[in-house]
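Coordinates in review
Take a look at the letters that make up each chain.
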Amino acid sequence: MKISRIIGLLAVVAFIVPVVSATGIGNENDGVAGLLSQADGYGTREYFTITQGETDTHLFNVPAGMSLLNVDLNWFTPDHSLRLEIYRPDGSLYGSYHDNDGGRLDGRIRVDISSPASGTWRLNVYGESVTETIPYALNCNAYT
């Protein structure tokens with residue numbers, strides 16, 4: 001009787017406690033957060049989470065003939081610090097960026113790259129100074 005009661009209680013708890021879907025946010029901390037899909041033409045916005053000392057790697061394909069690549073990393077608060085490293089398709093470092101590179105701390109890094117090389121760009125997001133786990137959004141757009 002006790003076992004059937006425990007099973008019944010577990011079934012009730014499983015039904016009452018909602019299942020949280022992590023679609024579009026989170027990255028399992030596996031080192032590769034994902035290939036940024038290009039859902040609306042040549043751009044995307046994806047949501048992820050990051051912890052202290054973690055590096056998430058994102059890939060973004062830039063088609064030939066683009067005149068501008070815009071990268072926007074937003075973690076919504078200057079209470080934490082992330083670093084963004086952008087690598088060209090040939091693997092060379094384009095640049096390394098911090099929140100205060102734009103002259104103010106606002107929890108955001110924006111980079112415009114003129115005449116980007118076509119191919120797969122790599123974007124590394126590093127949790128430089130993060131308390132627990134924080135969300136961030138990565139928005140990439142390529143323009144003709």
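In case you missed it, the structure is sitting above this.
Residues numbered from 1 in each chain as written. Predicted model: local features only at pLDDT ≥ 70, side-chain atom pairs only at ≥ 80, totals over all residues. Heavy atoms only, no water.

Turning to the pattern of salt bridges, a few remarks are in order. Going through the model one piece at a time under the given rule, you end up with four salt bridges. Taking the shortest distance from any N to any O, the salt bridge between Glu85 and Arg83 comes out at 3.6 Å. The closest approach of N and O atoms between Arg104 and Asp106, which form a salt bridge, is 3.3 Å. For Arg104, a relative accessible area of 54% gives the class exposed. Look at Asp106 and you get partly exposed, because its relative accessible area is 22%. Where salt bridges share partners, they join Arg83, Glu85 and Glu128 into one cluster. (Salt bridge = Lys/Arg side-chain N within 4 Å of Asp/Glu carboxyl O. Buried < 20%, exposed > 50% of the residue type's maximum accessible area, 1.4 Å probe, protein only.)

The next thing to look at is the packing of aromatic side chains. Enumeration over the complete set of coordinates arrives at two aromatic pairs. On the numbers, 6.0 Å between centres and 70 degrees between planes, the contact of Tyr94 with Trp121 is edge-to-face. Linking Tyr94 in strand 6 (residues 93-98) with Trp121 in strand 8 (residues 119-129), this pair joins segments that are 27 residues apart in sequence. (Phe/Tyr/Trp six-rings, centres within 6.5 Å; stacked < 30°, edge-to-face > 60°. Helix = DSSP H or I, 4+ residues; strand = E, 2+ residues; numbered from the N terminus.)

Burial analysis of strand 4 (residues 68-74) places six of its seven residues in the buried class, the great majority of the element. As paired elements, strand 4 and strand 7 (residues 108-114) share seven bridges and run antiparallel to each other. Note on strand 7: the bridge partner recorded for Asp72 is Arg110. Inspection of the sheet shows strand 4 paired to strand 9 (residues 133-143) by seven bridges, in the antiparallel sense. In the strand pairing of strand 9, Asn70 is matched with Asn141. (Pairing = 2+ DSSP bridges.)

Turning our attention to the nonpolar core. Val71, Leu73, Leu82, Leu84, Ile86 and Tyr136 are the most contacted members of the largest nonpolar core, which totals 25 residues. Elements with a contribution of two residues or more to this core: strand 2 (43-51), strand 3 (55-62), strand 4, strand 5 (81-87), strand 7, strand 8 and strand 9. A total of five residues in this core trace back to one element, the largest contributor, which is strand 9. Not counting chain neighbours up to four residues away, the residues in contact with Leu84 comprise Val71, Leu73, Gly95, Ser96, Tyr97, Ile109, Val111, Leu123, Asn124 and Val125. (Core = buried A, V, L, I, M, F, W, Y, C linked by side-chain atoms within 4.5 Å. Contact = heavy atoms within 4.5 Å.)

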